[in-house]
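So you can see what is in the structure, the chains are spelled out below.
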2 protein chains.
Amino acid sequence: MAEPVRVGVVGLGTVGSGVVRLLMESAEHITRHAGRPIVVERAVCRDVGRDRGLQLAADRVSTDIHDVSRDPSISVAALLVGGLEPARSMMIDLLEHGKDVVTANKALLAEHGPELFEIARRHGRSIAFEAAVAGGIPIVAAIGECLAANRIESIRGILNGTSNFILSTMEQEGADYAEVLALAQAKGYAEADPSMDVDGTDATQKLAILSHLAFGTWVPWSEIPRTGIEGIDSDLMAFAADLGYRIRLVAVASRSNGRLAMRVAPALTRIGTPLAETRGAFNAVSIVGDAVGPMFFHGLGAGQMPTASAVVADIIDTVVGRAGITFRTTGVLDTDGLSGRIGEAELNERHFLRILASDRPGVLSRITGILGEHGISIASVIQRDPSGACGAAVPLVIMTHACGSSAIRKAVTHIDASDVVSGPTTCLGVIDD
Amino acid sequence: MAEPVRVGVVGLGTVGSGVVRLLMESAEHITRHAGRPIVVERAVCRDVGRDRGLQLAADRVSTDIHDVSRDPSISVAALLVGGLEPARSMMIDLLEHGKDVVTANKALLAEHGPELFEIARRHGRSIAFEAAVAGGIPIVAAIGECLAANRIESIRGILNGTSNFILSTMEQEGADYAEVLALAQAKGYAEADPSMDVDGTDATQKLAILSHLAFGTWVPWSEIPRTGIEGIDSDLMAFAADLGYRIRLVAVASRSNGRLAMRVAPALTRIGTPLAETRGAFNAVSIVGDAVGPMFFHGLGAGQMPTASAVVADIIDTVVGRAGITFRTTGVLDTDGLSGRIGEAELNERHFLRILASDRPGVLSRITGILGEHGISIASVIQRDPSGACGAAVPLVIMTHACGSSAIRKAVTHIDASDVVSGPTTCLGVIDD
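These lines cover the structure that appears in this document, whether it is placed above or below. Predicted model only: the values in this text are computed from it and were never measured.

Accessible area lost during the coming together of the parts is what is often quoted as the interface size. Contact residues are listed per partner, giving 47 residues for chain B and 48 residues for chain A. With both sides pooled, the region where chain B packs onto chain A buries about 4,200 Å², and carbon together with sulfur makes up 61% of that total. Here chain B and chain A share 2 salt bridges between them. Note that R322 of chain B is salt-bridged to E145 of chain A, the shortest N-O span being 3.6 Å. Counting residues per element, the ones that place at least two in the side of chain B that touches chain A are α2 (27–34), α6 (139–146), β11 (293–300), α12 (304–320) and α13 (322–328) of chain B. Of the residues that constitute the side of chain B that touches chain A, the class distribution is 26 nonpolar, 13 polar and 8 charged. In this structure, strand β11 (residues 293–300) of chain A lies alongside β11 of chain B, joined through 5 bridges in antiparallel fashion. Residue M295 of chain A lies in a different strand from β11 of chain B, and its bridge partner there is G299 of chain B.

Here you go:
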């Protein structure tokens, strides 16, 4: 048997503790896959005194990253600290001291990926990050290795488990957003401050990473158009259900007329299709490749052991040498002239509009007239007999035929500026397959 | 740019032609992923005169495998010939002459895997076979690499596109088996002799390969209990639908009391679950790992370009060195004392029975009595008012609670030997998740 590989684990939060547990409890199994034992030489955390239930000797746990980066016996480090700093400085320190790094930190890569990848390349090290996107689903390997023969046409993903738990629970219970958010917090599916999850930031950062792999271009995540789920109410869900759809927070990156169209926003997904059937805290990714056709992946996108599973797979890949090989060709794709001006790229799709129309004569004609002026034709309309007094706002639901994002945006601005509506229009994309 | 890698393509049938097309048409893209150009140095086929619409110079195509195996400039060979011989001899010839091999031939690996893997190891070569199971779905990489940190608990797959096309079309059209088989043959989804697909052989061979990866044990495929779809009729489908299920040909390998329980057979899959929602010629695989939890993959399991996509990904993996690394740890798992005596392993699950009962007093009591004697309790019963004359056979449908395979097998034998039935009972496993 070959010499053991010594690993440093930086960060002993939920994921870090899971990684230590998995490396220790499944040691024999992992040794067989790696061809040699993988041992946790040292763990670094903020509070060494806390009992995490790990079988880790006290003298192997400390608070100083240098205990990992300066230890020449350690060749691989798992960086499992969240946020941007000190995570960024820690990763640079590890790379500069010759460690290959495995991480689950998607915010760090989405924000500083180009810099960190460059530093790693300069030092001949690798960064492996399967766990940063969609937890245990091997989507990074799928795009970077398994679909390497394909020109990727599009990626659509449910990449944030918290949002999906909230949306699918709202739909099952007929409950409202605030109520379900409180439940999700109580159950541990949402953090005390859930804003990064529910405003789409988390999903957008993951989409930026996947797009780097699939299209070879680093898109600054903050430039990707993004809408969270805070505005979704149970009325919207009921209208969607009437039309045969469920509302999901969908991250999209798609080639469209030589540009890369990207967006994270709630969308209508047709009942019976894989995205619509993704429930609870699960993640899902649907990819279309020119050779392989449509491909779909579904699994737990977060949680201690699913994420640890991806981190440990990356540690094994690093130990055997696969990660180093893969990292050398990560993101080297020609961008095929794809424009980086994301905001201007058009997604051509059907749209669902909920318009808070005034209940008086001529309103429907006025609104459909505005849509017509922008070249948007209508597939179906739902307007119910209002229960309130004459003159109150009534929801008018319109499903359009396929149209470009900019046309629908202009039409909605026009409608909302007119005197026949009493509040902002909700406009959601429609995904039928 | 590094020197080109020269590849030999052995077999220019549907998949072989697709591989040549993909390597030539996506050459620039593939070069970026491989770090160097991959060129088709030579193709070998039976009929050099046939026009396959390939941009391959005539002097690069010949009929002799030695033109690949004896060419020292060729380092990788794609063996895309079906069946056992001459495929087996060809692979040995290629390995012995120092070629790394990529193949899509599942029958060859299921039958001769241990021998071929041993020859490859002896010569320091690799065999990559992503395309042999579930076409473009990267399930071999998922199990062998991405889920390496997991102890796999179970695999369930829809691994034969032809059978799935037939079953899902029967269900959509309310049509009978023979009729839909003829349609599938006309559409090219079934071969003139479809027996390997519809009798479960193809799915069983794929299950044997997946089990080698997931459980580290080579199970002779012919020892895996196997039932085809020939006995499925539209009445069975209607009864299943009444109970909320669809019938699918499901390959199962599952740890069960320290043994490996395996089976390929039609099963009831609950509507709304991923396996039941797999339609047409698609394949699907559901895996449970101890760390990652449930994971689901869906995509095109056959066809020219999806299979070529997997073959070319394997060629790239071989060129960059990943395939060689992966092959060294393929199937090295400890079998954890899993018994190889597959036939005796028990799957504990609910069962669906259709009994052709005689229409006379006391029959239901007699049949439920037999089930009770074998310790099997009943969850639900459907017996409809018979339309035929008194004394004719009426279908009696029983859904049991979970019970072991051997108990239900004995009970069915007992029922079929009794004088209250007029034909053989159909017994299908039930998959609820």
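As a further point, take the sheet that holds strand β4 (residues 74–79) of chain A. Residues and elements named next belong to chain A. A sheet is described by the order of its strands in space; here 6 strands give the open sequence β3-β2-β1-β4-β5-β6, paired in parallel fashion. Looking along the sheet, the strands with just one partner apiece sit at the ends: β3 (61–62) and β6 (127–128). Pairing between strand β2 (residues 38–44) and β3: 2 bridges, direction parallel. When the sheet's bridge partners are listed, A43 is paired in β3 with V61.

Next up on the list: the nonpolar core. Core analysis: the largest hydrophobic core is formed by 170 residues, its most contacted members being I139 and I166 of chain A together with I139 and I166 of chain B. Excluding its chain neighbours within four sequence positions, the residues that come into contact with I166 of chain A are Y177, V180, L181, A184, V198 and I229 of chain A.

Moving on to the state of the cysteines. Working definition of a disulfide: a covalent bond connecting the sulfur atoms of two cysteines. Applying the stated criterion across every chain, the model contains 0 disulfides over all chains. Here C146 of chain B stays unpaired: no disulfide links it, and the sulfur of C146 of chain A, its closest cysteine neighbor, is 5.9 Å away. The exposure class of C146 of chain B is buried, given its relative accessible area of 13%. The structure places no disulfide on C427 of chain B, whose sulfur is separated from the nearest cysteine sulfur, that of C403 of chain B, by 7.6 Å.

What follows deals with the pairing of β2 of chain A. Residue and element names in this part refer to chain A. With 6 of its 7 residues buried, β2 lies for the most part within the structure. Bridge analysis of strand β1 (residues 5–10) against β2 gives 6 bridges, and the strand direction is parallel. In the sheet register, V5 faces β2, and the bridge partner there is I38.

The operation relating chain B to chain A is a screw motion whose rotation component is 180 degrees, with 0.0 Å of axial translation and a residual RMSD of 0.0 Å. Accordingly, the operation relating the two chain copies is best matched by a two-fold axis. Considering only C-alpha atoms, the part of chain B nearest the rotation axis is F297 of chain B, at 2.4 Å. Comparing contact sets, 100% of the residues at the interface of chain B also lie at the interface in chain A, consistent with an isologous, same-surface contact.

With that settled, the discussion passes to unusual backbone geometry. Residue and element names in this part refer to chain A. The omega torsion of the bond from E85 to P86 falls at 10 degrees, within 30 degrees of zero and hence cis. For P86, the position within the fold is in the loop between β4 and α4 (87–96). One non-glycine residue, A134, lies in positive phi territory at about 60 degrees. Among the secondary structure elements, A134 is positioned in the loop between β6 and α6 (139–146). By relative accessible area, which is 0% here, A134 ends up buried.

Quick look at the packing of helix α1 (residues 14–25) of chain A against helix α12 (residues 304–320) of chain A now. When two helices pack together, their arrangement is given by the angle between the helix axes and by the axis-to-axis distance. All names here are of chain A. Interhelical geometry of α1 versus α12 gives an angle of 60 degrees and a closest axis separation of 8 Å. It follows that α1 is oblique to α12 by the angle criterion. In the packing of α1 onto α12, the handedness of the crossing is right-handed. Facing T14, V15, S17, G18, V19, R21, L22 and L23 of α1, the residues of α12 in contact are Q304, M305, T307, A308, S309, V311, V312 and I315. Across the contact of α1 with α12, the residue classes tally to 9 nonpolar, 6 polar and 1 charged.

Cut-offs used in this document
Residues numbered from 1 in each chain as written. Chains lettered and ligands numbered in written order. Predicted model: local features only at pLDDT ≥ 70, side-chain atom pairs only at ≥ 80, totals over all residues. Heavy atoms only, no water. Contact = heavy atoms within 4.5 Å. Buried area = accessible area lost by both parts, 1.4 Å probe. Salt bridge = Lys/Arg side-chain N within 4 Å of Asp/Glu carboxyl O. Helix = DSSP H or I, 4+ residues; strand = E, 2+ residues; numbered from the N terminus. Nonpolar A, V, L, I, M, F, W, Y, C, P; charged D, E, K, R; others polar. Pairing = 2+ DSSP bridges. Core = buried A, V, L, I, M, F, W, Y, C linked by side-chain atoms within 4.5 Å. Buried < 20%, exposed > 50% of the residue type's maximum accessible area, 1.4 Å probe, protein only. Disulfide = S-S within 2.5 Å. Least-squares fit on C-alpha atoms with pLDDT ≥ 70 in both. Axes fitted to C-alpha atoms, helices over the stretch in contact; angles between N-to-C directions. Parallel < 35°, antiparallel > 145°, perpendicular 65-115°, else oblique. Left-handed = near helix turned anticlockwise from the far one by under 90°.

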